[in-house]
Amino acid sequence: METTLGQNLGDTHHDHGPASGIGRWLFTTNHKDIGTLYLWFSLLMFLTGGTMALLIRAELFQPGLQLVQPEFFNQMTTMHGLIMVFGAVMPAFVGLANWLVPMMIGAPDMALPRMNNWSFWILPFAFAMMISTLFMEGGAPNFGWTFYAPLSTTYAPPSVTFFIFAVHMMGISSIMGAINVIATILNLRAPGMTMMKLPLFVWSWLITAFLLIAVMPVLAGVVTMMLMDIHFGTSFFNAAGGGDPVLFQHVFWFFGHPEVYIMILPAFGIISEIIPTFARKRLFGYASMVYAIASIAILSFLVWAHHMFTVGLPLAGELFFMFATMLIAVPTGVKVFNWVATMFRGSLTFETPMLFALAFVVLFTIGGFSGLMLAIAPADFQYHDTYFVVAHFHYVLVPGAIFSIMAATYFWLPKWTGHMINERMGKIHFWLSFVGVNITFFPMHFVGLAGMPRRIPDYALQFADFNSVASVGAFIFGFSQLLFLYNVIACIRGGARATDRVWEGAHGLEWTLPSPAPYHSFSQPPVVK
Amino acid sequence: MSTASYYVPPQSRWPILASIALFLIAFGAGNLINAMSAGTSTGTGWLLFLAGLLLLLSILFGWFRNVVHESMSGMYSEQMDRSFRWGMSWFIFSEVMFFAAFFGTLFYVRNLAVPWLGGEGEKGVSNMLWEGFQAQWPLMTTPDMERFPGPEQIISPWHLPLLNTILLVSSSFTVTIAHKALKLGNRSNIVLWLALTVLLGASFLVFQAYEYFEAYHELGLTLHAGIYGATFFILTGFHGMHVTLGTLMLIIIWLRVLKGHFSPQHHFGFEAVAWYWHFVDVVWVGLFLFVYIL
């Protein structure tokens, strides 16, 4: 076969299987292959960022400086945050979207398959560049994942330039990925698959993709202004020239807050698929779930300054952002209520995905409530930049976003591989993770309320006990993720044969396909009644 | 809603090569800029950056050539066409948000940051940083004139910027006339009006370059001139880059018209570029209003 540059590789016929060798993964245009790439990449980043977290927790096991220098500690907190947000959580959700959206809406593939490949393959290069800064002169970025100016401009290490370009690459990747998801959902639905019949995972991704396209360019804008300030003599974030460091925070959080929802809306979608399956009931309040996601997305553009209550905002701003933030509790409450109502009088069973989903509902709600506490501006004056904030966002991101990703993996893995997961091992993984997560993050509420600041390698003696508990929990949680890796590999390599429907209560087009799903999902669209 | 089977392209080498190109550009630019700031040799940086750029350009040429071939051999259904339309629309929306970040910056410094520094408003206490600093816009005297010497003069909106507005707005009309001609199948008219559009875009760029030259050499309006210069150059600079890209796109479309690639029914490539051109035009109107006049 002719394989010179510019020639089409492989034939143009639709029904062939995957190519062989490494070329399959490098040149693929198949949504399942690309989804797999995203998911493995995300797992690799999760373990990398997790190792950094364990370094942080090891240092914080005791007061005083034991293992690392403060400069390196700062690099670890920064890289941990960046890798987990941009390398682990976001690519995992994009990977799930790639695998599932076409199967769920009855499409043959993603709308723009070549661009889909490009969206993925930018990421390994971007992260290689970002992680390489650890070995550069002056070390990696050390200003926190929020990279506030002037820490990230005037006082930044030279590697900040590479950080900026890495963020640009991630942004390009995310925007193209999101455009693909939107085009697929809007244009490739099977006949009869009307918008209000879409599975909630698809709805949540449609809205997430909109958020991504709206805010990733703003992130590109803010890092560009940083680059200009650092190297080209402008004064965007420098008051000496009439600019304002607070401006950085405004632009960053205009991106950052919707970004937070980018990392949780697909989780809502996943949970809304899993709970009805194992409750063997239809989802309670489908339409209200859709409207709730949309409301949360719209509100996410109006609440950014609640991250900045202590920076010196005008009173009107403090009030506006406080009340707007508290409004978000309403649609979020609708969602939690609907999940609980779905389970009410259902025929519940507790397979591994369901356990993760249930833990999500409970623990994410705890994170939501601590968020509500932080939303109250006068109270936030006390909590700001303490471990209470760390506890809050780790509750929504770890037993929130990460648990939902694990739930999704266990839920759809039989469809992807054709093998059932080992329930026993899945449950062990769940319980170790559940216990580990709570031991790690719950004590952080207490040390935070007692005044322990975040992003500091050393602390006062009175915080010692809770910190050592948190560190023990972190190691339990961290090492039990190796079980997750084992479970996934074991499921790929073998196990009981999965039926097409896989789970007794499962509904949706993806369960009408054979397990494992064929390389090309729906060459001819199914008709949805 | 899909009915016919949808074209899923076979494996392709373009995306992975494009990722490598993007990496070379980013890594090269990082090396280059750091070397420039540190005053060390910029050779490696330039080499990587230009190699990446060259690679990306040849990839874009090859990738688009693939798409053009596929399109012209009739592999794209109407549904495929809609995917392209959604794709381009959302891409333009992302560009709108990119500019929104800089417009937001401009509004924030004008209406909040600079007045506060001058002692006005609720956070006027920040005046204690530079006592006696007076808020004004355009900001001619910065708080620290040694580090950020403010501009001596600013650009009058009623000379070159007004001319540029006329040029760019009329180019939006000429490209629409060309589109009308395309729908009627009138080749010579398409070629004429599209060429005129390119000419208008190119003359805009020439005048813009002249304006920058004047700003730097006669008005003291530079990137270092405090926040006025910073917002001025980032907004007009990124707009200028987009006009440059748009003009190149128009030239390619013009060449494709000459080669007879478009039919009255089937010409999304043309439309996408026209949409982009209108977007660039609208941004300019915003610039003219908020950067130059007000």
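Residues numbered from 1 in each chain as written. Chains lettered and ligands numbered in written order. Predicted model: local features only at pLDDT ≥ 70, side-chain atom pairs only at ≥ 80, totals over all residues. Heavy atoms only, no water.

Novice: Looking at this structure, I do not really get the overall build of chain A. What am I missing?
Specialist: The number of helices and strands found in chain A is 16 helices and zero strands. In terms of overall dimensions, chain A is globule-like: its C-alpha atoms have a radius of gyration of 23 Å, near the 24 Å expected for 529 residues. Each principal axis of the C-alpha atoms in chain A carries an extent, and together these give about 65 × 60 × 45 Å. With 529 residues in all, chain A has 66% of them scored as buried. In chain A, 82% of the contacts between residues at least 6 apart in sequence involve partners at least 24 apart. Counting every atom, chain A has about 17,800 Å² of accessible surface; 70% of that belongs to carbon and sulfur. Where the 20 positive side-chain charges of chain A centre and where its 22 negative ones centre are 16 Å apart. (Helix = DSSP H or I, 4+ residues; strand = E, 2+ residues; numbered from the N terminus. Rg over C-alpha atoms; globule rule 2.2 N^0.38 Å. Buried < 20%, exposed > 50% of the residue type's maximum accessible area, 1.4 Å probe, protein only. Contact = heavy atoms within 4.5 Å. Areas by Shrake-Rupley, 256 points an atom, 1.4 Å probe, with all protein chains shown as cover. Lys, Arg positive; Asp, Glu negative; His and termini not counted. Charge placed at Lys NZ, Arg CZ, Asp CG, Glu CD.)

Novice: Help me understand the side chain of S433 of chain A, please; the structure alone is not making it clear to me.
Specialist: Residues and elements named next belong to chain A. Along the chain, the position of S433 falls in helix α15 (residues 423–449). Given a relative accessible area of 0%, S433 falls into the buried group. Those residues in contact with S433, other than ones at most four positions away along the chain, are F403, F477, S480 and Q481.

Novice: In this structure, what is going on with the environment of I298 of chain A? I would like to understand it.
Specialist: All names here are of chain A. By secondary structure assignment, the location of I298 is in helix α9 (residues 286–299). Using a relative accessible area of 58% as the deciding quantity, one classes I298 as exposed. Put simply, I298 and V223 are 75 residues apart on the chain and 24 Å apart in space, counted from C-alpha to C-alpha.

Novice: Help me understand unusual backbone geometry, please; the structure alone is not making it clear to me.
Specialist: Excluding glycine, residues mostly carry a negative phi; peptide bonds, for their part, are mostly trans. Residue and element names in this part refer to chain A. Going from A149 to P150, the amide bond is cis rather than trans, its omega being 0°. Tracing the sequence through the fold places P150 in the loop between α4 (113–132) and α5 (160–187). P516 follows S515 through a cis peptide bond whose omega is -5°. Following the sequence through the fold, P516 ends up in the segment after α16 (464–493). With phi around 55°, D385 is a residue other than glycine that occupies positive phi space. When you line up the elements, D385 lands in the loop between α13 (377–383) and α14 (387–417). A positive phi is found at V502, a non-glycine position, where the angle reads about 65°. As for its position among the elements, V502 is in the segment after α16.

Novice: Which parts of the structure should I look at to understand the pattern of salt bridges?
Specialist: A side chain of one charge can pair with a side chain of the opposite charge when the charged atoms of the two come close. Residues and elements named next belong to chain B. Tallying each qualifying case throughout the model produces seven salt bridges over all chains. Close ionic contact of D81 with R85 constitutes a salt bridge, the shortest N to O distance being 2.8 Å. Of this pair, D81 and R85 both sit in helix α3 (residues 78–117), four residues apart, which is roughly one turn of that helix. Given a relative accessible area of 16%, D81 falls into the buried group. One network of salt bridges, with partners in common, ties together D81, R85 and E271. (Salt bridge = Lys/Arg side-chain N within 4 Å of Asp/Glu carboxyl O.)

Novice: It is not clear to me how the interface of chain B and chain A should be interpreted in this structure. Could you clarify?
Specialist: Many descriptions give the size of an interface as the accessible area lost when the pieces come together. Taken together, the contact between chain B and chain A spans 76 residues of the former and 86 residues of the latter. The interface formed by chain B and chain A holds one salt bridge in total. E70 of chain B is paired through a salt bridge with R114 of chain A; the nearest N and O atoms lie 2.8 Å apart. Joining chain B to chain A, the criterion identifies 21 residue pairs in polar contact (both at pLDDT 80 or more). Elements with a contribution of two residues or more to the side of chain B that touches chain A: α1 (14–38), α2 (43–72), α3 and α6 (226–258) of chain B. The element best represented in the side of chain B that touches chain A is α3 of chain B, accounting for 22 residues. The class makeup of the residues in the side of chain B that touches chain A is 49 nonpolar, 20 polar and seven charged. (Polar contact = N/O pair within 3.5 Å; in protein donor to acceptor, adjacent residues only side chain to side chain. Nonpolar A, V, L, I, M, F, W, Y, C, P; charged D, E, K, R; others polar.)

Novice: Any chance you could explain empty space enclosed by the protein here in plain terms?
Specialist: Left-over empty space is what a probe sized like a water molecule reveals as it rolls over the atoms. All names here are of chain A. As enumerated under the stated definition, the model contains three cavities of 30 Å³ or more in all. Taken as a whole, the largest cavity spans an internal volume of roughly 110 Å³. Lining the largest cavity, in full, are Y38, F86, M90, P91, V94, L123, M170, S173, S174 and G177. Among the secondary structure elements, those contributing two or more residues to the lining of the largest cavity are α3 (70–105) and α5. Looking at the lining of the largest cavity residue by residue, the class counts come to seven nonpolar, three polar and no charged. (1 Å grid on protein atoms, 1.4 Å probe; cavity = no way out; pocket = protein on both sides within 12 Å on 5 of 7 lines; lining within 4 Å. Points joined across faces, edges and corners; volume = space filled by probe spheres on them.)

Novice: It is not clear to me how the packing of aromatic side chains should be interpreted in this structure. Could you clarify?
Specialist: Aromatic ring pairs are reported here in terms of the distance separating the ring centres and the angle at which the planes meet. Residue and element names in this part refer to chain A. Summed over all chains, the structure comprises 83 aromatic pairs over all chains. Measuring from ring centre to ring centre gives 5.8 Å for F254 and F301, while their planes differ by 45°; the resulting arrangement is tilted. Here F254, found in helix α7 (residues 245–262), pairs with F301, found in the loop between α9 and α10 (315–327); they are 47 residues apart in sequence, far enough to count as distant. Ring centres of W339 and F360 lie 5.8 Å apart, and the angle between their planes is 80°; this geometry places the pair in the edge-to-face category. With a gap of 21 residues between them, W339 in helix α11 (residues 329–343) and F360 in helix α12 (residues 352–375) connect regions that are remote in the sequence. The two residues W339 and F360 agree in class, both being buried. (Phe/Tyr/Trp six-rings, centres within 6.5 Å; stacked < 30°, edge-to-face > 60°.)

Novice: Hey, could you run me through the nonpolar core in this one?
Specialist: Note that soluble globular proteins tend to have their nonpolar side chains buried in a common cluster. By size, the foremost hydrophobic cluster in this structure holds 277 residues, and its most contacted members are F86, F163 and W339 of chain A. Counting five residues, the second-largest nonpolar core is a separate cluster that includes A379, Y383, F388 and V389 of chain A. (Core = buried A, V, L, I, M, F, W, Y, C linked by side-chain atoms within 4.5 Å.)

Novice: Could you clarify how one ought to interpret the packing of α15 of chain A against α16 of chain A in this entry?
Specialist: Helix packing for two helices is described by the angle between their axes and how far apart those axes are. Residue and element names in this part refer to chain A. The contact between α15 and α16 brings their axes to 8 Å, and the two run at 155°. Classified by the interaxial angle, the pair formed by α15 and α16 is roughly antiparallel. The crossing of α15 and α16 is left-handed. (Axes fitted to C-alpha atoms, helices over the stretch in contact; angles between N-to-C directions. Parallel < 35°, antiparallel > 145°, perpendicular 65-115°, else oblique. Left-handed = near helix turned anticlockwise from the far one by under 90°.)

Novice: Is there a simple way to think about a nonpolar patch on the surface in this case?
Specialist: The grouping of W46, L50, L53, L57, L60 and F64 of chain B at the surface amounts to a nonpolar patch, some 570 Å² of accessible area in total. Tracing the backbone through its elements, the reader meets L50 of chain B in helix α2. (Patch = residues over 30% accessible without salt bridge, like charges linked within 9 Å, V, L, I, M, F, W, Y side chains within 5 Å.)

Novice: What is the right way to look at the packing of α4 of chain A against α5 of chain A in this model?
Specialist: All names here are of chain A. Two numbers describe how α4 lies on α5: the axes approach to 8 Å, and their chain directions differ by 160°. As the angle between them shows, α4 and α5 are arranged roughly antiparallel. Between α4 and α5 lies a crossing whose hand is left-handed. Between α4 and α5, the contacting residues are M115, N116, W118, S119, I122, L123, F125, A126, F127, M129 and M130 on the first element and F162, F163, F165, A166, M169, M170, I172, S173, M176, G177, I179 and N180 on the second. Broken down by class, the residue content of the contact of α4 with α5 amounts to 18 nonpolar, five polar and no charged.

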